[in-house]
Amino acid sequence: MIENNLVLIGQVVKTPKLSTSPAGIHHCQFSIEHRSIQNEAGLNRQAFVRMQVVATGEWSQHLTRDLTAGSNIKVSGFINRHESRNGNPLLVLHAQQIEMIN
C-alpha cells in the first residue's frame, strides 16, 4: 500500500451536516480552517487552508456529534479527489480519527 496520510489541526467553519446514504451508511461533512506560520527555507510563511472533511460510518456519528462552528479539532485521515456539483475537482480529507482540542 502507498502511504496517504494527512493530519490537520484547525477550527470547524460551520456546523457539520449529517446524512445517511440509501445503503444506510452514515456520513458527516464539514469544513476545517487552518492558519499558522510555517518555516520554509529559513523564512516564516503564513499558511492558510480551508478543507472539506468527510467522516463515514457508525463512528462518525459518535465523534462528530459535539462538533460545532468554532470547535478546535485535530483530524487524521487520507485525502481523496471529489468533484463539486459544477465539476470542479476538490481535495477532501476523509477522517479516520477526530480529536477535540481545548
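Each residue is numbered by its place in its chain's sequence as written, counting from 1. Under the rules for a predicted model, residues below a pLDDT of 70 receive no local features and side-chain atom pairs below 80 are neither given nor counted, while totals for whole chains, interfaces and linings still include all residues. Processing note: side-chain calculations cover all non-hydrogen atoms of the structure and skip hydrogens and water entirely.

Per an unreviewed UniProt entry, the protein goes by the name Replication restart protein PriB and belongs to Thalassomonas haliotis. UniProt positions are given in the numbering used here, feature names are shortened, and annotations may be inferred rather than shown by experiment. Under the UniProt heading Sequence similarities (unreviewed entry), the note attached to the protein is "Belongs to the PriB family." According to the UniProt record, the Subunit (unreviewed entry) comment for the protein reads "Homodimer. Interacts with PriA and DnaT. Component of the replication restart primosome. Primosome assembly occurs via a 'hand-off' mechanism. PriA binds to replication forks, subsequently PriB then DnaT bind; DnaT then displaces ssDNA to generate the helicase loading substrate."

Peer 1: Can you help me understand the confidence of the model for the protein in this one?
Peer 2: Keep in mind that low pLDDT regions are not for reading the predicted coordinates in detail. In the predicted model, the protein carries a mean pLDDT of 91, and the fraction of residues at 70 or more is 100%. The element-level mean pLDDT for the protein is lowest in helix α1 (residues 58–64), coming to 74, with strand β1 (residues 6–12) highest at 97. Every residue carries a pLDDT, the predictor's confidence in it, which falls somewhere between 0 and 100. Under the scheme used here, helices are H or I runs from DSSP no shorter than 4 residues and strands are E runs no shorter than 2 residues, and both carry numbers assigned from the N terminus.

Peer 1: Would you explain the pairing of strand β4 (residues 43–56) in this entry?
Peer 2: Regular strands have side chains that alternate between both faces of the sheet. When DSSP finds two or more bridges between a pair of strands, those strands are recorded as paired. The sheet contact formed by strand β3 (residues 26–40) and β4 spans 14 bridges and is antiparallel. Bridge pairing in β4 links I32 to M51. Remark: two residues form the turn of the hairpin made by β3 and β4, two consecutive strands paired antiparallel; A41 in that turn has positive phi of roughly 55°. Pairing of β4 with strand β6 (residues 89–101) involves three bridges; the strand directions are parallel. Bridge pairing links V54 to H94 in β6.

Peer 1: What is the right way to look at the environment of V12 in this model?
Peer 2: Mapped onto the elements, V12 comes out in strand β1. Those residues in contact with V12 that lie beyond four places of it in its chain are F30, S31, L67, T68, A69, G70, S71 and I73. For this analysis, residues touch if any pair of their heavy atoms sits within 4.5 Å.

Peer 1: Honestly, the nonpolar core in this entry has me stumped. Any pointers?
Peer 2: One broad rule of soluble globular proteins: the nonpolar side chains tend to lie buried together. The nonpolar core is taken to be a set of buried Ala, Val, Leu, Ile, Met, Phe, Trp, Tyr and Cys residues, with the residues joined through side-chain atoms within 4.5 Å. Three exposure classes are used, based on accessible area relative to the maximum for each residue type with a 1.4 Å probe and protein chains only: buried under 20%, partly exposed in between, and exposed over 50%. Grouped together as the largest cluster of nonpolar side chains are 14 residues, with contacts concentrated most on F30, I32, V53, I73, V75 and I98. Going through the elements one at a time, β1, β3, β4, β5 (72–83) and β6 are the ones with two or more residues in this core. With near-sequence residues (within four places) excluded, F30 lies in contact with V12, K14, P16, M51, Q52, V53, T64, L67, I73 and I98.

Peer 1: Even after reading the chapter, I still don't get the pattern of salt bridges, so can you show me in this structure?
Peer 2: Definition used for salt bridges: Asp or Glu carboxyl oxygen within 4 Å of a side-chain nitrogen of Lys or Arg. According to the stated counting rule, one finds four salt bridges in the structure shown. Residues R45 and E40 are paired through a salt bridge, measuring 2.9 Å at the closest nitrogen-oxygen approach. Note on E40: relative accessible area 43%, which makes it partly exposed. Measuring nitrogen to oxygen at the nearest pair gives 3.6 Å for the salt bridge that ties E83 to R81. Salt bridges sharing common partners tie together E33, R35 and R50.

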